[in-house]
Amino acid sequence: MKRRMMMIGLLVIVLCAIFIVYKTFPRSIDVTLTGVKYQLLAAGERTGTEPAIVIIKGKLYTKLNGKRTFKGEVNIVGEHIPVPLDQRKLEIPFSNEGWGSISYPYFIYGERGAVVGTEIYQSHLIFANRDFSQVSFLIADHVQGQKGENSQTIWNAENGYMLSVPATTREKALAISNKLMLDYLKTYGPLQ
């Protein structure tokens, strides 16, 4: 009887260890998705959509409590990012509501190669499902600050853009955004 209890206890420990490793083992993400960039305007004012391609490469780390962190690169084809190519690696922690902020901290080098300053380029908000097969972005406008000030990132529903992948129409893109942003939109209601 004692031996049987030890075997059951050992089995439970092994199963718990396997579960922890499975849950927290980094998952490789390597996707290229085609989608739609669209604007959220009043029903009578809707503008057309633009096709968009998103390339995401990196690793997704998940803690036991469910917190996710993505480390890698997120590229929207054709988008200009004023950050040196060698400093575009991202670390995106996702909130409980499912969003993450795409921010690029980078160094500014002087003539002799010494660091003369640092900057942070705030890009977009990203919403993604567990395997990054569906992704939605709040595409931010960058407004230049006054003399001596950095630009700031602005997004609002009246003039902001969304990008959702994979989608071929605005309706499909909107459905993906509403699904991924469900917790984020609880106080605002679904996007239209």
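Requested: an account of the overall build of the protein chain, with residues and values cited.
Scanning the protein chain for helices and strands turns up two helices and ten strands. Order of helices (α) and strands (β) in the protein chain, N terminus to C terminus: α-β-β-β-β-β-β-β-β-β-β-α. Residues counted as buried form 35% of the 192 residues belonging to the protein chain. For the protein chain, the share of sequence-separated contacts (at least 6 apart) that also reach a separation of at least 24 residues comes to 50%. Accessible surface, the protein chain as shown: approximately 12500 Å² in total, 58% of it carbon and sulfur.

Can you tell me about the pairing of strand β1 (residues 27–39), naming the residues and giving the values?
As judged from the eleven bridges shared by β1 and strand β2 (residues 50–62), these two strands associate in the antiparallel manner. Within the sheet, the bridge partner assigned to Gly 35 lies in β2 and is Ala 52. Bridge count between β1 and strand β10 (residues 161–165): four bridges; the pairing is antiparallel. The residue of β10 that forms the bridge with Tyr 38 is Met 162.

Could you give an account of the pattern of salt bridges, naming the residues involved and the relevant values?
Enumeration according to the criterion identifies one salt bridge in this entry. Note that Glu 73 is salt-bridged to Lys 89, the shortest N-O span being 2.8 Å. Here Glu 73, found in strand β3 (residues 68–76), pairs with Lys 89, found in the loop between β3 and β4 (90–93); they are 16 residues apart in sequence, far enough to count as distant. Of the residues examined, Lys 89 reaches a relative accessible area of 59% and is grouped as exposed.

Explain the environment of Gly 100 to me, and be specific about the residues and the numbers.
Checked against the element boundaries, Gly 100 lands in strand β5 (residues 99–109). On the basis of relative accessibility, which here comes to 0%, the residue Gly 100 falls in the buried class. The spacing of Gly 100 and Leu 125 is 25 residues in sequence and 5.6 Å in space, taken between C-alpha atoms. When near neighbours in sequence (up to four residues on either side) are disregarded, Gly 100 contacts Ile 92, Pro 93, Phe 94, His 124, Leu 125 and Ile 126.

Which residues make up the confidence of the model for the protein chain, and what values do they have?
In this model, the protein chain carries an average pLDDT of 84, and 84% of its residues clear a pLDDT of 70 or more. The lowest-confidence element of the protein chain is strand β9 (residues 152–154), averaging 59 in pLDDT; the highest-confidence one is β4, averaging 95.

Please provide a residue-by-residue account of the packing of aromatic side chains, values included.
Inspection of the entire model under this criterion finds four aromatic pairs. A centroid spacing of 6.1 Å and a plane angle of 80° characterise the contact between Phe 94 and Phe 132, whose relative ring orientation is edge-to-face. Of this pair, Phe 94 sits in the loop between β4 and β5 while Phe 132 sits in the loop between β6 (115–128) and β7 (135–139), placing them 38 residues apart in sequence. Summarising the burial analysis for this pair, Phe 94 and Phe 132 share the class buried. Connected via pairs of aromatic rings, a cluster forms that spans Phe 70, Phe 94 and Phe 132. Taking the ring centre of Phe 94 as reference, the NZ or CZ of Arg 68 above it sits at 4.4 Å.

Analysis parameters
Residues numbered from 1 in each chain as written. Predicted model: local features only at pLDDT ≥ 70, side-chain atom pairs only at ≥ 80, totals over all residues. Heavy atoms only, no water. Helix = DSSP H or I, 4+ residues; strand = E, 2+ residues; numbered from the N terminus. Buried < 20%, exposed > 50% of the residue type's maximum accessible area, 1.4 Å probe, protein only. Contact = heavy atoms within 4.5 Å. Areas by Shrake-Rupley, 256 points an atom, 1.4 Å probe, with all protein chains shown as cover. Pairing = 2+ DSSP bridges. Salt bridge = Lys/Arg side-chain N within 4 Å of Asp/Glu carboxyl O. pLDDT = per-residue confidence, 0-100. Phe/Tyr/Trp six-rings, centres within 6.5 Å; stacked < 30°, edge-to-face > 60°. Lys NZ or Arg CZ within 6 Å of the ring centre and 35° of its normal.

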